[in-house]
Amino acid sequence: MLVRRAYIPESLRPRDFQEWPFTVPCVAELAEHGMTFDRPVTFLVGENGSGKSTLIEAFAEAYGLDARGGRAGRKYGNDRPKTLLGEVVRLESTADGARLRRASRQRQKGYFLRAETAFGFMEAVSGMRGYWDEDTSQMSHGEGFHTVFSAMFREPGLYLLDEPEAALSFTSCLRLVALIQQLGQSGAQVVCATHSPLLAATPGADIVEISEEGLRRTSWDKLELVDHWRRYLNNPNSYLRHIVDS
Ligand SMILES: Nc1ncnc2c1ncn2[C@@H]1O[C@H](COP(=O)(O)OP(=O)(O)O)[C@@H](O)[C@H]1O
Ligand SMILES: [Mg+2]
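All of these numbers come straight from a predicted model, not from anything done at the bench.

Digging into the site of ligand 1
Next up, step 1: Near ligand 1 you find Trp20, Val24, Glu47, Asn48, Gly49, Ser50, Gly51, Lys52, Ser53 and Thr54, and these make up its full shell.
Next up, step 2: Interatomic distance of 3.3 Å between a backbone N/O atom of Ser50 and an oxygen atom of ligand 1.
Next up, step 3: With respect to ligand 1, the side chain of Thr54 contributes an N or O atom lying 2.5 Å from an oxygen atom.
Next up, step 4: When isolated, ligand 1 has an accessible area of 570 Å², and the protein chains bury 54% of it.
Next up, step 5: Residues that form the shell around ligand 1 fall into these classes: 2 nonpolar, 6 polar and 2 charged.

As structure tokens, then:
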């Protein structure tokens, strides 16, 4: 594990929380109390608009990853301002994390995979040094994702994923679970926003539910998401009769 806590130093906290992103409950809670990472793998689960991407982008920037996605250890142009939250969030490192942070830029590992932009991004960097050799433009979304996973998700570093399941089949999701678990066991850290009950079931992972109430640690079988899927798969009609004409 590399990062034990995300927080906003008091001097960087706004006086009132009237403006975005501090109007988002999980961001307000992060600002007031911080957010701890208790295990190498953390899933953020919550409704659309609950603030998962806002948090993940800010963690990426606080770690030195670009909010647009991509790998660690890259040199950035200073042309682009950080997100509002990324400007003020700080990460508290573990001893291992601090050691890694002191290493050279080439040794910094980690990756921010944003499902929304990942495919365009993959095409843009295919063949570039420090990425992968395969031509992902000839691949399906899911195949491309696996190329990225096997090339980039290997050494201790911070791996941030924002709804990676978007492009993945059931079987591909299972492969990703295995990879995420291995990364966690090998000293890396993973923070993943997801709507997938399959991914959230990764053994040993911590689950943080994000809602109007803010941030709440929970277990897989208490997730509303899991309950909905279970009921839906048991009997789709129990949901569909409310929303489609028969
Ligand atoms: N740049 C922005 N300016 C203002 N509001 C934003 C911005 N980006 C996102 N939001 C709002 O912040 C909330 C959280 O968004 P987001 O983090 O993308 O949610 P999630 O990833 O959980 O679906 C949403 O209500 C969204 O509309
Ligand atoms: Mg999102």
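Still more to cover.
Things to note about the nonpolar core
Next up, step 1: In terms of nonpolar packing, the biggest core is built from 35 residues, with Tyr111, Phe149 and Phe153 touching the most fellow members.
Next up, step 2: If one sorts the elements of this core by residue count, helix H7 (residues 170-185) sits on top with 6 residues.
Next up, step 3: The residues contacting Tyr111, other than those within four sequence positions of it, are Leu65, Gly70, Arg71, Phe121, Tyr131, Trp132, Val148, Met152, Phe153, Leu158, Tyr159 and Leu160.
Next up, step 4: Grouped together as the second largest cluster of nonpolar side chains are 34 residues, Ala6, Ala31, Val88 and Leu100 included.

How each quantity is defined
- Residues numbered from 1 in each chain as written.
- Chains lettered and ligands numbered in written order.
- Predicted model: local features only at pLDDT ≥ 70, side-chain atom pairs only at ≥ 80, totals over all residues.
- Heavy atoms only, no water.
- Near = heavy atom within 4 Å.
- Polar contact = N/O pair within 3.5 Å; in protein donor to acceptor, adjacent residues only side chain to side chain.
- Areas by Shrake-Rupley, 256 points an atom, 1.4 Å probe, with all protein chains shown as cover.
- Nonpolar A, V, L, I, M, F, W, Y, C, P; charged D, E, K, R; others polar.
- Core = buried A, V, L, I, M, F, W, Y, C linked by side-chain atoms within 4.5 Å.
- Buried < 20%, exposed > 50% of the residue type's maximum accessible area, 1.4 Å probe, protein only.
- Helix = DSSP H or I, 4+ residues; strand = E, 2+ residues; numbered from the N terminus.
- Contact = heavy atoms within 4.5 Å.

Honestly, it's all geometry; don't read function into it.
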